[in-house]
Amino acid sequence: MSKTLQFKCPGCGGYLEFDPTKQRFSCPYCGKTLRPDEVEGSGGADAAAAQTPSQGENAYHAYHCQSCGAEVVTTATTAATRCYYCHNPIVMSDRLSGAFRPDGVIPFTLDDKGAREVFQSFIRSKKFVDHRFYDQAQMEDFTGIYYPYWVGDISGKAVFSGEGTRVSVRRDARYTTTITRHYRVRREGKLTFRGMFCKALSTADRLLFDGIHPYHYESIKDYKPGYLSGFMAEMRDVDKSHAQEEMDAEVSRRADGVMRQGHSFDTLTGSTSFLAEERNLRYVLLPAWALTYKHRGDGTAYYYMMNGQTGTVCGKLPIHRGKLLGWCCAVAAAVFAAMCLGGAFLW
């Protein structure tokens, strides 16, 4: 049976949410705060059975809110959300259990207020952004979301085989002689790459998600469902073997760059082989603030994302063509006036 979790305040019976600024759970009704180890969720069962998502699956599933009894319809990868009717936080516990239980989570450190302040500071430096992208109604959709990633450390042996050359030039009264010496080059080393990551949600935009990295992985905590309370969350639909293949390919590219560093040759050609000897991959949930805006004119979707731990931002912003055109006209008018004034003095 599909299960949901909600975290009730022991003081007033209200619903607890994780407070990023205090790193504790807080009741918005009576103000009571609790440490993560003091919080226990109350679970309920639904009539709709949860399905394990396959990569790219876009099916919908129904749950029931324990607070108001409303039916909550989610996508196949939704792991935490809010009830559309009473707005209380809901965690889909069956989505994050068994093989799909995360190994860890980095809790939000930026709350809604802090994230909006960073966003407003970022927007103020962008003169031509469409104001509708950040008006009050749009800011209501500024959402905190936990996204799934595979994070890993990979160690192994790297071997570079190739050829290096050194070139010297001798000159005398009659001739210039160029001497090229060729050397067989072999370099070996034990390399460790830490903090490798691979998105674990197939529908995620890689450029956008990569743009808000890095996270401080030393801050990863053991996964507890309560960290998700008050936020949205997605579960993984990319398996470990796929992530391992992607990380191995990235490690091989990085290993080649490392093995070519620090040589004394004029040219160096060859290739690097990397044999992974130890892998430590973990499935973790990483925090991000996200905002989506659909342009009313041409229907283009614009996305903005912020690292929920560090505040690093990335996104494509909508340009207000009227502002840009007005600025261009003003500059053109100023240039024209300056030319006319200059011409009057010349003539």
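Residues numbered from 1 in each chain as written. Predicted model: local features only at pLDDT ≥ 70, side-chain atom pairs only at ≥ 80, totals over all residues. Heavy atoms only, no water.

1. Structural notes on the overall build of the protein
Point 1. Looking only at helices and strands, the protein has five helices and 17 strands in total.
Point 2. In the protein, which comprises 347 residues, the share counted as buried stands at 40%.
Point 3. The contacts of the protein with a sequence gap of at least 6 include a subset with a gap of at least 24, amounting to 70%. (Helix = DSSP H or I, 4+ residues; strand = E, 2+ residues; numbered from the N terminus. Buried < 20%, exposed > 50% of the residue type's maximum accessible area, 1.4 Å probe, protein only. Contact = heavy atoms within 4.5 Å.)

2. Side note on the pattern of salt bridges
Point 1. Taken as a whole, this structure holds 14 salt bridges when the rule is applied.
Point 2. Of the charged contacts, one joins Glu17 and Arg82 as a salt bridge, the two residues approaching to 3.0 Å between their closest N and O atoms. Here Arg82 lies in strand 8 (residues 78–82) and Glu17 lies in strand 2 (residues 17–19), a separation of 65 residues in the sequence.
Point 3. With relative accessibility at 23%, the residue Glu17 sits in the partly exposed group.
Point 4. In this structure, the salt-bridge partner of Asp248 is Arg279, at a minimum N-O distance of 2.8 Å. With a gap of 31 residues between them, Asp248 in helix 4 (residues 240–259) and Arg279 in strand 15 (residues 267–294) connect regions that are remote in the sequence.
Point 5. Look at Arg279 and you get partly exposed, because its relative accessible area is 36%.
Point 6. Through salt bridges with shared partners, one network takes in Arg35, Asp37 and Glu38. (Salt bridge = Lys/Arg side-chain N within 4 Å of Asp/Glu carboxyl O.)

3. Brief notes about helix 4
Point 1. With 20 residues, helix 4 extends 28 Å from end C-alpha to end C-alpha; this agrees with the ideal 28 Å at 1.5 Å per step.
Point 2. Within helix 4, the full set of buried residues consists of Ala243, Met247, Asp248, Val251, Ala255 and Met259. Each buried residue of helix 4 lies within a common arc of 135° when the element is viewed along its axis, so the set occupies one face. Of the residues in helix 4, the exposed ones pointing more than 90 degrees away from the buried face are Glu245 and Arg253. (Expected span 1.5 Å × (residues − 1). Arc of directions from axis to C-beta.)

4. Description of the nonpolar core
Point 1. In terms of nonpolar packing, the biggest core is built from 54 residues, with Tyr146, Leu228 and Phe274 touching the most fellow members.
Point 2. Among the secondary structure elements, those contributing two or more residues to this core are strand 8, helix 1 (112–124), strand 11 (143–171), strand 12 (176–199), helix 4, strand 15 and strand 16 (301–307).
Point 3. Of all hydrophobic cores here, the second largest spans 18 residues; its members include Tyr149, Val151, Ala204 and Tyr215. (Core = buried A, V, L, I, M, F, W, Y, C linked by side-chain atoms within 4.5 Å.)

5. Notes on the environment of Arg186
Point 1. Structurally, Arg186 can be placed in strand 12.
Point 2. As a C-alpha pair, Arg186 and Ser161 span 25 residues in sequence and 4.7 Å in three-dimensional space.
Point 3. Ignoring sequence-local partners within four residues, the contact set of Arg186 consists of Val159, Phe160 and Ser161.
Point 4. Here Glu188 takes part through its side chain, which lies 2.8 Å from a polar atom of the side chain of Arg186. (Polar contact = N/O pair within 3.5 Å; in protein donor to acceptor, adjacent residues only side chain to side chain.)

6. Side note on the sheet that holds strand 2
Point 1. Strand order in this open sheet of three strands is 2-3-4, and the pairing throughout is antiparallel. The strands lining the two open edges of the sheet, one partner per strand, are strand 2 and strand 4 (33–34).
Point 2. Pairing of strand 2 with strand 3 (residues 24–26) involves three bridges; the strand directions are antiparallel. The partner of Phe18 across the bridge, within strand 3, is Phe25. (Pairing = 2+ DSSP bridges.)

7. Description of the packing of aromatic side chains
Point 1. Scanning all chains against the criterion turns up 18 aromatic pairs.
Point 2. Relative to Tyr227, the ring of Phe25 has its centre 6.2 Å away and its plane inclined at 35°; by these criteria the two rings are tilted. Pair noted here: Phe25 is in strand 3 and Tyr227 is in the loop between strand 13 (221–222) and strand 14 (232–234), with a separation of 202 residues, a long-range link. Here Phe25 and Tyr227 have matching classes, each one buried. (Phe/Tyr/Trp six-rings, centres within 6.5 Å; stacked < 30°, edge-to-face > 60°.)

8. Digging into the environment of Phe197
Point 1. Secondary-structure assignment places Phe197 in strand 12.
Point 2. The spatial distance from the C-alpha of Phe197 to the C-alpha of Ala243 is 8.4 Å, given a sequence separation of 46 residues.
Point 3. If we ignore the near neighbours within four places in the chain, the residues touching Phe197 are Tyr149, Trp150, Val151, Asp210, His213, Tyr217 and Met247.

9. Describing the confidence of the model for the protein
Point 1. Predicted confidence across the protein gives a mean pLDDT of 83, with 79% of residues reaching 70 or more.
Point 2. Counting interchain partners and residues more than four positions distant, the pLDDT-below-50 stretch residues 45–51 has 20 contacts. (pLDDT = per-residue confidence, 0-100.)

10. Let's talk about the side chain of His213
Point 1. Following the sequence through the fold, His213 ends up in the loop between helix 3 (206–211) and strand 13.
Point 2. Among the polar contacts listed, one links the side chain of His213 to the backbone oxygen of Phe209, at a separation of 3.0 Å.

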